[in-house]
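Read off the chains here:
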Amino acid sequence: VALCPDQDHVVRKRMSDGEKEGALAEVETSQGQRRTRVETGALVAEIVAAIAVVISLVFVGIQVEDNTEEVSAGTMTTLAEMQVSVQSWFQDPRFAEMYMRSISEQPESLSEVERMQLQVWHGNFFNICEIAFNRRLDGKLSDELWRGWENGCADTVNTPFASELFARTHDWYG
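Residues numbered from 1 in each chain as written. Predicted model: local features only at pLDDT ≥ 70, side-chain atom pairs only at ≥ 80, totals over all residues. Heavy atoms only, no water.

Undergrad: Explanation requested: the packing of helix α3 (residues 112-138) against helix α5 (residues 160-169) in the structure shown.
TA: Relative orientation and spacing of two packed helices are given, respectively, by the angle between their axes and the distance between those axes. For the pair α3 and α5, interaxial distance at closest approach is 11 Å and the crossing angle is 70°. In terms of orientation, α3 and α5 fall into the roughly perpendicular class. Facing α3, whose interface residues are Arg115, Leu118, Gln119, His122 and Phe126, α5 presents Phe161, Ala162, Glu164, Leu165, Phe166 and Arg168. Its residues assigned to classes, the contact of α3 with α5 shows six nonpolar, two polar and three charged. (Axes fitted to C-alpha atoms, helices over the stretch in contact; angles between N-to-C directions. Helix = DSSP H or I, 4+ residues; strand = E, 2+ residues; numbered from the N terminus. Parallel < 35°, antiparallel > 145°, perpendicular 65-115°, else oblique. Contact = heavy atoms within 4.5 Å. Nonpolar A, V, L, I, M, F, W, Y, C, P; charged D, E, K, R; others polar.)

This is the structure:
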């Protein structure tokens, strides 16, 4: 079968064996070129996809770093708010006086009600110390900031009343 170049119709003619082999070779070469183009296109697509994956991973890494910074800032805000709440108890002069008696080697002078109030306050404070410690372990509180919290927590726990209370309740806190 052959297409006549000057006419819009197909002319049927018998091909010799040589013509058949030549036509077959042209088809094979054409398919080989097509296959090579397809393979080249697939290779280019794989390279583009690999570059896109690398770019995506870089972007995800940046997002994770930004998120970590936001979480750390959120942790500090939460700890500061909790600390302000605990320290607000000292606005009451009676509580402040009671606390001063508890740290000045006179805890035995406290009434049962005062002891209960101080236990609640210390419990809240110990919880804040526990949260700060756990945020340090989670990597959300820097070692430098933790040292400040650790010193403040240790100073409070090392008072006479708090030492006695912590000895009885230390297993309540992580």
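Undergrad: What is the right way to read the nonpolar core from this model?
TA: Taken as a class, soluble globular proteins show a tendency for nonpolar side chains to be buried jointly. Core analysis: the biggest nonpolar cluster contains 21 residues, and Leu118, Phe125 and Trp149 have the highest contact counts within it. Looking at this core element by element, the count peaks at seven residues for α3. Sequence-distant contacts of phenylalanine 125, defined by excluding residues within four places in its chain, comprise Gln83, Val86, Gln87, Gly152, Cys153 and Thr156. (Core = buried A, V, L, I, M, F, W, Y, C linked by side-chain atoms within 4.5 Å. Buried < 20%, exposed > 50% of the residue type's maximum accessible area, 1.4 Å probe, protein only.)

Undergrad: How should the state of the cysteines be read in this particular structure?
TA: Disulfide: a covalent bond connecting the sulfur atoms of a pair of cysteines. Here the structure, examined in full by the defined rule, presents one disulfide. The residue that forms a disulfide with cysteine 129 is cysteine 153, at a sulfur-sulfur distance of 2.0 Å. Here the S-S torsion is close to -105°, and the disulfide linking cysteine 129 with cysteine 153 is therefore left-handed. Taken together, the positions of cysteine 129 in helix α3 and cysteine 153 in helix α4 (residues 143-157) put the pair 24 residues apart, joining distant regions of the chain. Comparing cysteine 129 with cysteine 153, the two get one shared label, buried. (Disulfide = S-S within 2.5 Å.)

Undergrad: What should I look at first to understand a nonpolar patch on the surface in this one?
TA: A cluster of nonpolar side chains, namely Leu43, Ile47, Ile51 and Ile55, defines an oily patch on the protein surface of about 400 Å² accessible area. Inspection of the secondary structure assignment puts leucine 43 in helix α1 (residues 17-87). (Patch = residues over 30% accessible without salt bridge, like charges linked within 9 Å, V, L, I, M, F, W, Y side chains within 5 Å. Areas by Shrake-Rupley, 256 points an atom, 1.4 Å probe, with all protein chains shown as cover. Salt bridge = Lys/Arg side-chain N within 4 Å of Asp/Glu carboxyl O.)

Undergrad: What is the right way to look at the side chain of threonine 169 in this model?
TA: Along the chain, the position of threonine 169 falls in helix α5. Only 2.9 Å separates the side chain of threonine 169 from the backbone oxygen of leucine 165, close enough to count as a polar contact. (Polar contact = N/O pair within 3.5 Å; in protein donor to acceptor, adjacent residues only side chain to side chain.)

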